[in-house]
Amino acid sequence: MADNNSSLTDSPTATATSTAALPIAPGDWALDPLHSAVNFTIRHLGIAKVRGRFSEVEAALYVGETPADVRVTATISLASIDTGNADRDAHTRSADLLDVERRPTMVFRSTGVSGSDEDWSLVGELTIGDVTRPVTLDVEFGGVVDVPMDGSRHAGFEATGEIRRSDFGLDFGGGMLGDVVKIQLDMEFVEPREPQGQAG
């Protein structure tokens, strides 16, 4: 995988492309939510890590004939945060911290993709509330497999990156929480079915 130090970019309009052959078939791939997860890690007091997840995510993957045609979108409900402590989660949702009434979602839209084989880089824009910043995710392609039960074909991806809370106006915590948030997405998508032939 690519070095995570390159996971932040200063060019919001950057579009990365590659001539490498795509490892999955063209079409609109649907998210398998039961086998997908959005996780994060943030430092507490600079000495330990708090780990959490967002349980509500919608995502779509469109694959064209070339990497330049690939589009990824994801919308995450910030209210679905889960750090394993109900009181802490309630406070995090409040106006003191995330303020999910004003910032209900976190939205990612890709602007380009590059790479080959198992290692890819996904460039895009992340919007939290009314702030949009560029971000690059390192993507590891896990492969494609046919599910015996229904014959559907699934593709797996792991995407990792970092964002700075302060870039999105989320500079709460009074020094108790780190600025850098590490993100890990485990995503499984289902290949589009072949269109059914119409009866003559």
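Residues numbered from 1 in each chain as written. Predicted model: local features only at pLDDT ≥ 70, side-chain atom pairs only at ≥ 80, totals over all residues. Heavy atoms only, no water.

J.: Outline the pairing of strand S11 (residues 177–190), listing residues and values.
T.: Two strands pair when backbone bridges link them, and strand S1 (residues 27–31) and S11 are joined in this way by 2 bridges, in the antiparallel orientation. Counted as the bridge partner of Ala30 is Val190 from S11. Bridge analysis of strand S2 (residues 37–44) against S11 gives 7 bridges, and the strand direction is antiparallel. From the neighbouring strand, Asn39 faces S11, where its bridge partner is Gln184. (Pairing = 2+ DSSP bridges. Helix = DSSP H or I, 4+ residues; strand = E, 2+ residues; numbered from the N terminus.)

J.: A description of a positive patch on the surface should follow, citing residues and the corresponding values.
T.: On the surface, a cluster of positive charge is made up of Arg43, Lys49, Arg51 and Lys182. Position of Arg51 relative to the elements: it lies in strand S3 (residues 48–54). In this structure Arg51 comes out as exposed when scored by relative accessible area, which is 54%. (Patch = residues over 30% accessible without salt bridge, like charges linked within 9 Å, V, L, I, M, F, W, Y side chains within 5 Å. Areas by Shrake-Rupley, 256 points an atom, 1.4 Å probe, with all protein chains shown as cover. Salt bridge = Lys/Arg side-chain N within 4 Å of Asp/Glu carboxyl O. Lys, Arg positive; Asp, Glu negative; His and termini not counted. Charge placed at Lys NZ, Arg CZ, Asp CG, Glu CD. Buried < 20%, exposed > 50% of the residue type's maximum accessible area, 1.4 Å probe, protein only.)

J.: Describe the side chain of Asp32, listing the residues and the values that go with them.
T.: With respect to the element layout, Asp32 can be found in the loop between S1 and S2. If near-sequence neighbours (up to four positions away) are discounted, Asp32 is found in contact with His154, Glu188, Phe189 and Val190. (Contact = heavy atoms within 4.5 Å.)

J.: Summarise the packing of aromatic side chains; cite the residues concerned and give the values.
T.: Per the counting criterion, the structure on display carries 3 aromatic pairs. With a centroid separation of 5.3 Å and 40° between ring planes, the pair formed by Phe141 and Phe157 is classed as tilted. Of the two residues, Phe141 sits in strand S9 (residues 131–146) while Phe157 sits in strand S10 (residues 153–164), which places them 16 residues apart along the sequence. Accessibility expressed as a relative area gives 18% for Phe157, which makes it buried. Taking the centre distance of 6.2 Å and the plane angle of 70° together, the rings of Phe157 and Phe189 count as edge-to-face. Of this pair, Phe157 sits in strand S10 while Phe189 sits in strand S11; the two residues are 32 residues apart in sequence, bridging distant segments of the chain. On the basis of relative accessibility, which here comes to 5%, the residue Phe189 falls in the buried class. (Phe/Tyr/Trp six-rings, centres within 6.5 Å; stacked < 30°, edge-to-face > 60°.)

J.: So, the environment of Ser152: which residues are in play, and what are the values?
T.: Its place among the elements puts Ser152 in the loop between S9 and S10. Considering only alpha carbons, one finds Ser152 and Glu191, 39 residues apart in sequence, at a separation of 7.0 Å. Setting aside residues no more than four positions away along its own chain, Ser152 makes contact with Val145, Asp146, Val147, Val190 and Arg193. One polar contact links Ser152 to Asp150, side chain to side chain, over a distance of 2.7 Å. (Polar contact = N/O pair within 3.5 Å; in protein donor to acceptor, adjacent residues only side chain to side chain.)

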